[in-house]
Structures are given as C-alpha cells and as structure tokens.
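A look at the structure
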Amino acid sequence: MKTFNVPGTYRSPLISAVKNKRKQQDKMKKDFSPTLLDFGALQIYLARHFGFCFGVENAIEIAFRTVEENPGRKIFLLSEMIHNPQVNDDLQQRGIRFLQDTYGNQLIPFGELHADDIVIIPAFGTTLETKRLLEKIGIQTEEFNTTCPFVEKVWNRSEQIAKKNYTVVVHGKPLHEETRATFSHAAENAPTVVINDMKEAKELAKYITGEKPSAEFYKEFAGRYSKDFDAVRDLQRIGVVNQTTMLASDTQAIADLLKQTMIQHYRLTPSIIDDRFADTRDTLCYATNDNQEATSGMLEVNADLSIVVGGYNSSNTSHLVELSEMKLPTYFINSDEKILSSSEIMHYDFHTKQELLTTDYLPSHEPVKILITSGASCPDALVEAVIRKLIGFYPENISVDKMIDEIEGA
Ligand code: SF4
C-alpha cells in the first residue's frame, strides 16, 4: 500500500517496530492475534491492526502539504479533518480555520470566502450542496479534496443501486459527516433514507410490510429521507450501503433483516430476490474490518482490562470500544493525559457521552495484562505515550528503548 508523508511527531518508534515486524511475519494479514510486549510486571497486548488508515494518512499529507505550499493564502477546512483532536489542533495552530463543526453547523459563514481561498474537503467527503456552494464562490475543490477513496466507493455503490431503480437505504450515523455526504450523493440519483441501527431497521421493515401506516414514516424518519420520498412506492425495492466505519456484525444483521423482510413480504423465491433487494456486499472499508477483527483477536487473551485510544467523536473507535466492553473493563481515552495516576483514569462513556473518573482501574496482582488498540484516526505516537505512562507505574519494568531493541533484533 502507498506510503504517505505524515509529520514524524505522529509516528512512534515502538509501534513502527512492532508493525514492521508483524508485517514481515504475516504479509497476507491472516493472523489477527495481538503482539505481546512483555515489560515484566506489565504485559501489553497490542492489537494486530490499529492506527492511521490509508484515508487518514492521505488527508493528513494533503493538508500539511497545502499549508507548506501556500504561504499567505487563507486556508480553511470544511470541518474536522479527521476525528482526532491532536491532529485538528495541529492544523489550527498552522493557521487553518474550520468552516463548520462536526455536525455541519456553520462556524464561519461561506459569505466570508473568496475565490482565491483554499478550502480542504476532509476525508469523510462532503455533500453535493456544499460542493456546489463553494464552486459558486469560485473555489476550486478538486486539488484540495481529501475524500477517502473508500468513501467514494460507497457513493459509487449507491449510484449503481440507484441506476437499477432501487431505493438506497444508508446505514450510518445520521449526523456523521460521512453519512451526510453519502446521503447527499445517493439522494441525487434515487430515493434515499438513513437508518442508524437495528432498532430503526426493524421500524423501517414495518413500513415495508405495511404493519405501520406510511403516514407515520415521515415523522419517524424526519430529516432522514430524500425530497419527495414516498413511503409506499419507495420501499418496494431497496439496496443497503453503509457508512464505512460501522460495526461489521450490526451491518450484516441489518442487511439480513431487510432482505428477509422483502423475501417474506413479497414471497420471493431465491432466483427473484433481486427483484426487490439489491444483494450487494457491505461497504465497510478495509481498516474498519481489519481493526474490528484485530480487536476480536486481541480479546481472546485473558487480560485484566482494555484501553482504546482515539477521538471521542470517532465512529470507528467507538465500535472498537463496543466490542471490547462486551468482554473486559474498557477505558476509552483520547490522550495519555487521561491516565491521571496508577489509581485514577478519566475515560469516555460513549453511551452517555460523558467523561467519567474511575479509581483503582489497575489490579494489584502482577503481571498486569492490558490490551491496547486505537482508532483509524489516532496517531501511533499517542499509543506509545499511553504505554510509556503505564510503564512508569512499574519501575522495575524493562524500558521502551530496550523493548524496541528486542523487537528489531529478534
Ligand atoms: S476509516 Fe476507512 S473510509 Fe474512513 S478514512 Fe480510513 S480508510 Fe477511509
């Protein structure tokens, strides 16, 4: 895979050593077991895959290069570049300003933009409406467009479904930048509706079967369906695409439910299922699949706790947390600074959207076994900082530098 020019401050000598070694040993990416870093009293199990993905590295490279190559020009980002606070802060410190917040609320009016300003489109992509607005001002959007190719793949898939006259059901977080962008692209070509989760998929199924009166659809899915959507006509033939970072098991279950609904309601035999349901594969990206499988592989270790590092508004990271907390006490942190001491940790509860303080999170026995992974927008340097912080609580441990020597020498 292509390598990108990302600021060295985001890299980690320890994590790079681990990743390089695993890559050499498992070129085909078939082994999802974690890497054990045995420091002595502390044993860290690092997930096989985590950290910056293709789309994030691509976006970071373009953004930093744009700043370097355009001194004196005003540079804006449409919204958060990726869902990582450190990377966004670094870009803002270099003078980049954000036009919208992560939910699309305007921070700087488009009216303040001029044709020679630069507007970087983030890795999630943007809506066609926003793109047209920028083009109307005269802003060139292609050169500074960091939309991930895996997001564009979802747009292409929805276009293919639309061309065959299916309604597009987008399974994603309705307010997430990527889902708003996918909705906009899909709605250009076909009736489109967004569903958030299985609960909403089940409700949608009731409109398909007529169990619920169609008039209620417009209230229940307000703001989530395309213009002129007809809940009777447009739910007779559907196809599903997903936000690239959803939980794989949810995605599969939702597609299965909607397919079964069609089969039963229209009494479809196998050869004519595609009359009503576009049976395409999910549109999760490779990083989502790899990181979720690696988290499941890591969770097979009998550990004491798990730490997931990433931005609190990061969709892919929250799904790693979801997987992890099914098995172990899990602490979702966005920085090593959240580890306050050997007895206190501040961590994010994504269910209640609040930070919590937990005491006595480290067990008293030794060795302590901790699983660690991070989201696709989290710099490896942050994961190393978390490991260094934990090692500091066990002075008799071997050092990180010695561990790097051991990995590289092995
Ligand atoms: S998580 Fe997937 S879709 Fe999103 S930027 Fe990374 S590679 Fe692209």
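Now for a quick tour of the structure. In this convention, every chain numbers its residues from 1, walking through the sequence in written order. Where totals are concerned, whole chains, interfaces and linings use all residues; where local detail is concerned, this predicted model gives features only for residues with pLDDT of at least 70, and gives and counts side-chain atom pairs only at 80 or more. Think of the side-chain values as coming from all heavy atoms in the structure, minus any hydrogens and water.

So, the overall build of the protein
For the protein, the helix and strand inventory stands at 13 helices and 14 strands. Note that the radius of gyration is over C-alpha atoms, with the globule rule given as 2.2 Å times the number of residues to the power 0.38. Relative to the compact-globule value of 22 Å for 410 residues, the protein shows a C-alpha radius of gyration of 23 Å, a close match. Across its three principal axes, the protein shows a C-alpha extent of roughly 70 × 55 × 40 Å. Long-range pairs, those at least 24 residues apart, make up 69% of the contacts in the protein with a sequence separation of at least 6. To measure how exposed things are, a 1.4 Å probe is used in the Shrake-Rupley method; for residues, cover is taken only from the protein chains shown. Carbon and sulfur atoms provide 49% of the accessible area of the protein, an area that totals close to 18,500 Å². Counting from the N terminus, the helices are the DSSP runs of H or I reaching at least four residues and the strands are the DSSP runs of E reaching at least two. Should any heavy atoms of two residues lie within 4.5 Å, those residues are counted as being in contact.

Digging into the site of the ligand
Lining the immediate environment of the ligand, one finds C53, G55, C148, F150, V151, T244, T245, C285 and Y286. Looking at side-chain class alone, the shell around the ligand contains 6 nonpolar, 3 polar and no charged residues. A molecule or strand has a residue near it when one of that residue's heavy atoms lies within 4 Å. Residue polarity follows a fixed list, in which Ala, Val, Leu, Ile, Met, Phe, Trp, Tyr, Cys and Pro are nonpolar, Asp, Glu, Lys and Arg are charged, and the others, Gly among them, are polar.

Here's the deal with helix α9 (residues 248-266)
Working rule for helices: expected span equals 1.5 Å times residues minus one. With 19 residues, α9 should cover 27 Å at 1.5 Å per step; its first-to-last C-alpha distance of 27 Å lies within 8% of that length. The cut-offs for exposure are 20% and 50% of the maximum accessible area for each residue type, with area from a 1.4 Å probe on protein chains only; residues under the lower value are buried, those over the upper are exposed, and the others partly exposed. All of the buried residues along α9 are T251, I254, L258, T261, M262 and I263. Where α9 is buried, its residues contact β6 (167-171), β7 (192-195), α7 (198-209), β8 (238-242) and β9 (277-278). One or two steps after α9, the chain reaches R267, where phi turns positive at roughly 50°.

Some details on the pattern of salt bridges
Throughout this description, the term salt bridge denotes a Lys or Arg side-chain nitrogen within 4 Å of a carboxyl oxygen of Asp or Glu. With the rule as written, the count across this model stands at 20 salt bridges. In this structure, the salt-bridge partner of R65 is E61, at a minimum N-O distance of 3.4 Å. A residue pair is termed a helical-turn pair when its members lie 3 or 4 positions apart in one helix, as R65 and E61 do in helix α2 (residues 54-69) at 4 residues. Each of E203, K206, K212 and E220 takes part in a single network of salt bridges with overlapping partners.

Some thoughts on helix α5 (residues 149-163)
Between the first and last C-alpha of α5 there are 21 Å, a value that for 15 residues agrees with the 21 Å anticipated at 1.5 Å per step. Taken residue by residue, α5 has V151, V154, W155, R157, S158, I161 and A162 as its buried positions. Projected down its long axis, α5 shows its buried positions confined to an angular sector of 155°, all on one face. Contacts made by the buried residues of α5 are with β6, α6 (177-187), β8 and β9. Backbone geometry just after α5 places N165 at a positive phi near 65°. Regarding the arc, it is the one traced by the directions from the helix axis to the C-beta atoms.

Re the packing of α5 against α6
Interaxial angle, 0 to 180 degrees, is taken between N-to-C directions of lines fitted to C-alpha atoms, where a helix line uses only the stretch in contact. Where α5 contacts α6, the two axes come as close as 9 Å, and the packing angle between them is 30°. Comparing their axes, α6 and α5 come out roughly parallel. Remark: the crossing between α5 and α6 carries right-handed chirality. Within the contact between the two elements, α5 uses V151, V154, W155 and S158 and α6 uses E178, A181, T182, H185 and A186. By the definition adopted for this analysis, an angle is roughly parallel if under 35 degrees, roughly antiparallel if over 145, roughly perpendicular if from 65 to 115, and oblique otherwise. Should the near helix be turned anticlockwise from the far one by less than a right angle, the crossing is termed left-handed; should it be turned clockwise, right-handed.

Details of the packing of aromatic side chains
In this scheme Phe, Tyr and Trp rings, the latter by its six-membered ring, pair at centre separations within 6.5 Å, and the angle between planes marks the pair as stacked below 30 degrees, edge-to-face above 60, and tilted otherwise. Summed over all chains, the structure comprises 17 aromatic pairs. Measuring from centroid to centroid gives 5.4 Å for F217 and Y225, while their planes differ by 45°, and the two rings are tilted. Pairing Y225 with F229 gives two aromatic rings, centres 6.1 Å apart and planes at 50°, and the pair type is tilted. In this structure Y225 comes out as partly exposed when scored by relative accessible area, which is 25%.

As for the sheet that holds β7
If you walk across this open sheet you meet the 4 strands as β7-β6-β8-β9, and the pairing is parallel. The outermost strands of the open sheet, each flanked by one partner alone, are β7 and β9. Along the sheet, α6 contacts β6, β7 and β8; its crossing angle with β7, the most-contacted strand, is approximately 160°. Any two strands are treated as partners once DSSP identifies two or more bridges connecting them.

Notes on the environment of T280
Turning to its location among the elements, T280 is positioned in the loop between β9 and α10 (286-298). Separated by 119 residues in sequence, T280 and I161 place their C-alpha atoms 8.9 Å apart. Apart from residues lying up to four places away in sequence, T280 is in contact with R157, I161 and V240.

Points about the pairing of strand β2 (residues 42-46)
With 5 of 5 residues buried, β2 lies mostly within the body of the structure. What you see with β2 is no split at all: L42, I44 and L46 on one side and Q43 and Y45 on the other are buried throughout. With 4 bridges connecting them, strand β1 (residues 35-38) and β2 associate as antiparallel partners. The residue bridging L36 from the neighbouring strand is Y45, located in β2.

Topic: the sheet that holds strand β4 (residues 97-98)
Taken in spatial order, the 3 strands of this open sheet run β4-β3-β5, and their pairing is parallel. The sheet is open, and its two borders are formed by β4 and β5 (118-120), each paired with just one other strand. Both strand β3 (residues 75-77) and β4 contribute to a ladder of 2 bridges, which runs parallel. Of the residues in β4, the one forming a bridge with F76 is R97.

Interpretation note: all reported values are geometric properties and have no functional meaning in isolation.
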